[in-house]
Amino acid sequence: MHISRYSTLLLFMVPHLFGTTLTVDAAIAQFVNNNYDIQIARQEADKSKADLTTAQRRPNPILSGSYDYLDVKHHFRDVSAAAAGLATLHIDHPIELGGKRDHRINTAYEGIEYANNLFEETKREQFFNLIDAYYLVQADVTDLTNAIANRNDFKDLLIIAQAKFDHGFLSQIDLEKLKLQAIDYDNDVNSYNAALSSDTEALAFLLSLNLKDVTLSPLVLPEDFSKSLDDLIMYAQQNRSDCLAARQNIKLSNASVELEKSNGIPDITVGIEIENYAPTYSDPLIGVSAAMPLPIYDRNQGAIQKARIVALQATTLESKTLQQAASEVRQAFIQYQSQQFIHSSMQHGFESAKILKEKQEKIFALKGISILELLDAQKSYREYQRNMTKSIIDLHIALAHLKLFSGLPLIDSKGY
């Protein structure tokens, strides 16, 4: 597919007008590494690693001590062998049964993987905002560049018109009609310049860049993309981040069920105790103890039942997510095909309008022509020029959206 005349002109004009350019690939890399929402989502995923740290810890032992039968009358001093006094040191150590720790650790690992999938899904969703903002600025750049070029061409036409008027080949009324059109050309430049400043500011915020650092590359046609709909749907269901998260959520839910089952098994607490009696505190006595709650009434049935329902919900959510992915891919595929057709039509219309405009201007310069016909040809050309720009921008956006809905990377979708 060839690049139209006005797009080719941009390749030479835009860098000189706006400085060093920022490609869409560079914008994506900058966005991933510096966008505030992406950073917050990454930190949210990192929080899940704390669950693994907690899961790996064992229950803490409990240390207790006491001194009984203090002799208050003798200022807490033992004065005879018959004086009552008891010093005790006791330590209890809980022992988890039913593999609770292993189940906690497994659940934590599944949770970390699930959090990472959610982070990737957050990035995918944020990419839609980036793509729309990036190509909106690129459309502004193109429209402004074209508006400046059109105004300069019109100024050249006014010079010819003034010369024709000076030599009596153009009426005063026709000259005034042409001069009035200069207001429209100036308004186009001012309008597109304001839109560019505003939209660039929004893009700079998304990229966490200074406004002066956001200068986009020239507008060209997007790459050819010929993947089949069935292949895209299959790839999306297998690789899209929300589909991966839905499958991982099932694993996490099943791990939670096993954890709750193990929590229903009572733990045992083993203790050891050392006792000394006053007044000599010699020949200490050592004792052992063991305690375990009897699971007669509460065997964690409620938590187990809730975990099973959550697992069932996860399975239902997976089915919904896979079907939603297929539906979104179909819609994006149809939209992309439609934009291809629209662009092809606009390209043909733009080339025809350009040829007509150039013919009318030559006739006006060499012979004579109705001013209304000349102005109509110029107006038609500018409208097709704007629509041509919009069709290329919409084609870029439609292709990027199709990739995102299909789970394909925006920078390189080859070899999937």
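These numbers were taken from a predicted model, which means no experiment stands behind them.

S.K.: What is the right way to read the packing of helix α2 (residues 24-34) against helix α5 (residues 100-166) from this model?
M.R.: Between α2 and α5, whose axes approach to 11 Å, the crossing angle comes to 135°. If you check the angle between α2 and α5, you find them oblique. For the crossing formed where α2 meets α5, the hand is right-handed. Here α2 contributes V24, A27, I28, F31 and V32 to the contact with α5, which in turn contributes K123, Q126, F127, L130, I131, Y134 and Y135.

S.K.: Would you explain the environment of L259 in this entry?
M.R.: Inspection of the secondary structure puts L259 in helix α8 (residues 241-263). For L259, a relative accessible area of 14% gives the class buried. Expressed as a C-alpha distance, the spacing of L259 and R101, which sit 158 residues apart in the sequence, is 8.8 Å. Excluding its chain neighbours within four sequence positions, the residues that come into contact with L259 are K100, H103, R104 and T107.

S.K.: Could you clarify how one ought to interpret the sheet that holds strand β3 (residues 268-277) in this entry?
M.R.: Whenever strands of a sheet pair, they do so through backbone hydrogen bonds, lying parallel or antiparallel. If you walk across this open sheet you meet the four strands as β1-β2-β3-β4, and the pairing is antiparallel. For this open sheet the edge positions go to β1 (62-68) and β4 (285-291), each flanked by a neighbour on one side alone. Ignoring strand direction, the axes of neighbouring strands in this sheet form an average angle of 15°. Where strand β2 (residues 86-95) meets β3, 10 bridges bridge the pair, whose relative direction is antiparallel.

S.K.: Can you help me understand empty space enclosed by the protein in this one?
M.R.: A probe as big as a water molecule, rolled over the atoms, marks out the empty space that is left. Enumeration over the complete set of coordinates arrives at two cavities of 30 Å³ or more. A volume near 100 Å³ is recorded for the largest cavity. Taken together, D143, N146, A147, N150, Y185, D188, Y192, R382, Q385, R386 and T389 form the lining of the largest cavity. If you list the elements that add at least two residues to the lining of the largest cavity, you get α5, α6 (172-207) and α10 (371-406). Grouping the amino acids of the lining of the largest cavity by side-chain chemistry returns three nonpolar, four polar and four charged. Volume-wise, the second largest cavity comes out at about 50 Å³. Around the second largest cavity, the lining residues are N150, D153, F154, L157, Y185, K357, E361, Q378, Y381 and R382. Among the secondary structure elements, those contributing two or more residues to the lining of the second largest cavity are α5, α9 (301-366) and α10.

Reading guide: rules and limits
- Counting restarts for each chain: residues are numbered from 1 in the order of the written sequence.
- Confidence filtering applies because this is a predicted model: local features only for residues at pLDDT of at least 70, side-chain atom pairs given and counted only at 80 or more, and all residues used for totals across whole chains, interfaces and linings.
- To obtain the side-chain values, all non-hydrogen atoms of the structure were used and water was disregarded.
- Orientation is described by axes fitted as lines to C-alpha atoms, over the contacting stretch for helices, and by angles from 0 to 180 degrees between their N-to-C directions.
- Here a strand is any run of E in DSSP of at least two residues, a helix any run of H or I of at least four, and the numbering for each starts at the N terminus.
- Roughly parallel means an angle under 35 degrees; roughly antiparallel, over 145; roughly perpendicular, 65 to 115; everything else is oblique.
- The crossing is said to be left-handed when, going from far helix to near helix, the turn is anticlockwise and less than a right angle, and right-handed when the turn is clockwise.
- For this analysis, residues touch if any pair of their heavy atoms sits within 4.5 Å.
- Any residue under 20% of the maximum accessible area for its type is buried, any over 50% is exposed, and the rest in between are partly exposed; the area is computed with a 1.4 Å probe on protein chains only.
- Criterion used throughout: strands pair if DSSP finds at least two bridges between them.
- Only protein atoms enter the 1 Å grid, on which a cavity is a set of points fitting a 1.4 Å probe that cannot get out and a pocket is an open set with protein on both sides within 12 Å along at least 5 of 7 lines, lining residues being those with an atom within 4 Å of a point.
- Grid points are joined across faces, edges and corners, and a volume is the space filled by probe spheres set on the points.
- Note on residue classes: Ala, Val, Leu, Ile, Met, Phe, Trp, Tyr, Cys and Pro are nonpolar, Asp, Glu, Lys and Arg are charged, and everything else, Gly too, is polar.

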